[in-house]
Amino acid sequence: MNPSLRRDDWAGEMGERWLTNLDQFESMMQPVGQALLARAAFKPGERVLDIGCGGGDNTRSIAAAVAPSGYVLGLDVSPALIAEARRRATQQAVPCIDFLTADAATDTPAAAPFDRLFSRFGVMFFADPPAAFAHLLHLLPPGGRIDFACWAPLADNPWMGALADIVRRHVALPAPPAGEPGPFSLADVTALRALLSAAGFVDIDSQLWRGPQWLGGQGADAPAALRFALQSMSFSRVVEAQPEPVRQAIADDLLAYLAARHSSAGIALDASAWLVSAWRPPG
Ligand SMILES: C[S@@+](CC[C@H](N)C(=O)[O-])C[C@H]1O[C@@H](n2cnc3c(N)ncnc32)[C@H](O)[C@@H]1O
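Source: prediction; values computed, not measured.

1. Some words on the overall build of the chain
If you tally the helices and strands in the chain, you get twelve helices and eight strands. The C-alpha radius of gyration computed for the chain amounts to 19 Å, which stays within 12% of the reference 19 Å derived for 283 residues, consistent with globular compactness. In terms of its C-alpha atoms, the chain occupies a principal-axis envelope of roughly 60 × 40 × 30 Å. Within the chain, contacts between residues at least 6 apart in sequence are counted, and of these 81% link residues at least 24 apart.

2. Let's talk about the pairing of strand β3 (residues 97-101)
One ladder, built from five bridges, connects strand β2 (residues 71-76) with β3; its direction is parallel. Among the inter-strand pairings, D76 is bridged to a residue of β3, identified as T101. The parallel pair β2 and β3, bridged by helix α6 (residues 79-91), forms a crossover whose chirality is right-handed.

3. With respect to the nonpolar core
V72, L117, A149, C150, L215, A225 and A273 are the most contacted members of the largest nonpolar core, which has 86 residues in total. Among the elements that make up this core, the one with the highest residue count is strand β8 (residues 266-279) (eight residues). The residues touching A149, leaving out its near neighbours within four places in the chain, are V32, L36, R120, F121, A273, W274 and L275.

4. Re the packing of helix α7 (residues 129-137) against helix α9 (residues 189-199)
Angle between the axes and distance between the axes are the two parameters that describe a pair of packed helices. For the pair α7 and α9, the least separation of the axes is 8 Å and the interaxial angle reads 55 degrees. By the angle between their directions, the pair α7 and α9 is classed as oblique. For the pair α7 and α9, the crossing hand works out as right-handed. Between α7 and α9, the residues in contact are P129, P130, F133, A134 and L137 and L195, L196, A198 and A199, respectively. Its residues assigned to classes, the contact of α7 with α9 shows nine nonpolar, no polar and no charged.

5. Details of the confidence of the model for the chain
Averaged over all residues, the pLDDT of the chain is 94; the fraction at 70 or higher stands at 96%. In the predicted structure, residues 1-5 sits below a pLDDT of 50 and forms 20 contacts with residues beyond four places in sequence or in another chain.

6. Looking at helix α2 (residues 13-20)
Turning to α2, its buried residues number three or more, namely M14, G15, R17 and W18. Buried residues of α2, seen end-on, are gathered within an arc of 160 degrees and therefore sit on one face of the element.

7. Structural notes on unusual backbone geometry
Cis geometry marks the peptide bond from A67 to P68, where omega comes out at 5 degrees. Summarising the element assignment, P68 is placed in the loop between α5 (57-66) and β2. The residue after A112, namely P113, is reached through a cis peptide bond having omega 0 degrees. Turning to its location among the elements, P113 is positioned in the loop between β3 and β4 (116-120). Its identity as a non-glycine residue notwithstanding, A41 has a phi of 45 degrees, on the positive side. Within the fold, A41 resides in the loop between α4 (30-40) and β1 (47-51). Backbone geometry places C96, a non-glycine residue, at a positive phi of 60 degrees. Counting through the fold element by element, C96 comes out in the loop between α6 and β3.

8. A look at α7
Turning to α7, its buried residues are P129, A132, F133 and L136. With its buried residues spanning 90 degrees around the axis, α7 presents them on a single face. Of the surrounding elements, those touching the buried residues of α7 are β4, β5 (145-151) and α9.

9. Observations regarding the site of the ligand
Lining the immediate environment of the ligand, one finds 24 residues, of which W10, G52, G54, R120 and G122 sit closest. Split by residue class, the shell around the ligand holds twelve nonpolar, six polar and six charged.

10. Structural notes on the packing of helix α10 (residues 222-232) against helix α12 (residues 244-259)
It is the contact of α10 with α12, at a shortest axis distance of 9 Å, that shows an interaxial angle of 130 degrees. Taken together, the axes of α10 and α12 are oblique relative to one another. Handedness of the α10/α12 crossing: right-handed. Where α10 abuts α12, its residues A222, A225, L226, A229 and L230 lie against A251, L254, L255, L258 and A259. Each residue belonging to the contact of α10 with α12 can be placed in one class, and the counts come to ten nonpolar, no polar and no charged.

Cut-offs applied
Residues numbered from 1 in each chain as written. Predicted model: local features only at pLDDT ≥ 70, side-chain atom pairs only at ≥ 80, totals over all residues. Helix = DSSP H or I, 4+ residues; strand = E, 2+ residues; numbered from the N terminus. Rg over C-alpha atoms; globule rule 2.2 N^0.38 Å. Contact = placed C-beta atoms within 7 Å. Pairing = 2+ DSSP bridges. Right-handed = clockwise from strand over helix to strand, strands pointing away. Core = buried A, V, L, I, M, F, W, Y, C linked by C-beta atoms within 7 Å. Buried ≥ 20, exposed ≤ 12 C-beta atoms within 10 Å, placed from the backbone. Axes fitted to C-alpha atoms, helices over the stretch in contact; angles between N-to-C directions. Parallel < 35°, antiparallel > 145°, perpendicular 65-115°, else oblique. Left-handed = near helix turned anticlockwise from the far one by under 90°. Nonpolar A, V, L, I, M, F, W, Y, C, P; charged D, E, K, R; others polar. pLDDT = per-residue confidence, 0-100. Arc of directions from axis to C-beta. Near = placed C-beta within 6 Å.

This is the structure we're talking about:
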């Protein structure tokens, strides 16, 4: 994920890149997704919005939990991802599910309000987070609840930080601009809680999750994880722009790092994320 992503990147090139490696990304993030879904504990009959649903992996899990009388809408700014999410849900005959290409920061789906809002890593890319979270609050009825995951600080996420440090041995990587949208924009939990509170949320609860990120997906070997890293991570575009000997040296170093961490289950790198829940005040 590029640290300085904007909405338009996701609607275009970044959405396409995510789609290219969709199965790997979803497999990689399955542990944190399971923890977030367990915490959210959706019940039959609930009406849910999955914000930044990507290829719809979690959306389909939510549909299974709220069926037969509930409903889930997967919303994403990337038309390519929404098309794929819709295709997968249709192919698997998932009931109670629909998808919409829209901007969660500003758009109000016709199906609003929702009993519950949910997002695995889809709420860190808003250009104006205070306005976006205030908007999300009003997609809930009084007493409605949001659950989301966002990355904890980069220093606690070697799956991203250690790999970027290896690349940095060969080429300068731009530091993520402070205060800009990106994977780590909500990492400061004190600031995050203040942001939610200012938007009108109450009873804010944040729990630190620590677990594996399976680089390149569960079961990937080192060459597959390397291909994934070079295609999909924050440094991809910078590495692609280097002359061949530099690209090769970066690939060699990354491969050595990944191979040293490989087991039959894949390559598990340490990750940490905030699992957050908050409520719109009742009445
Ligand atoms: C890191 S991916 C996570 C995808 C999915 N939630 C998952 O866990 O598999 C972030 C997703 O948020 C979407 N996104 C980013 N900004 C958005 C916005 N303003 N409105 C809707 N979706 C957005 C992206 O297109 C992308 O699919």
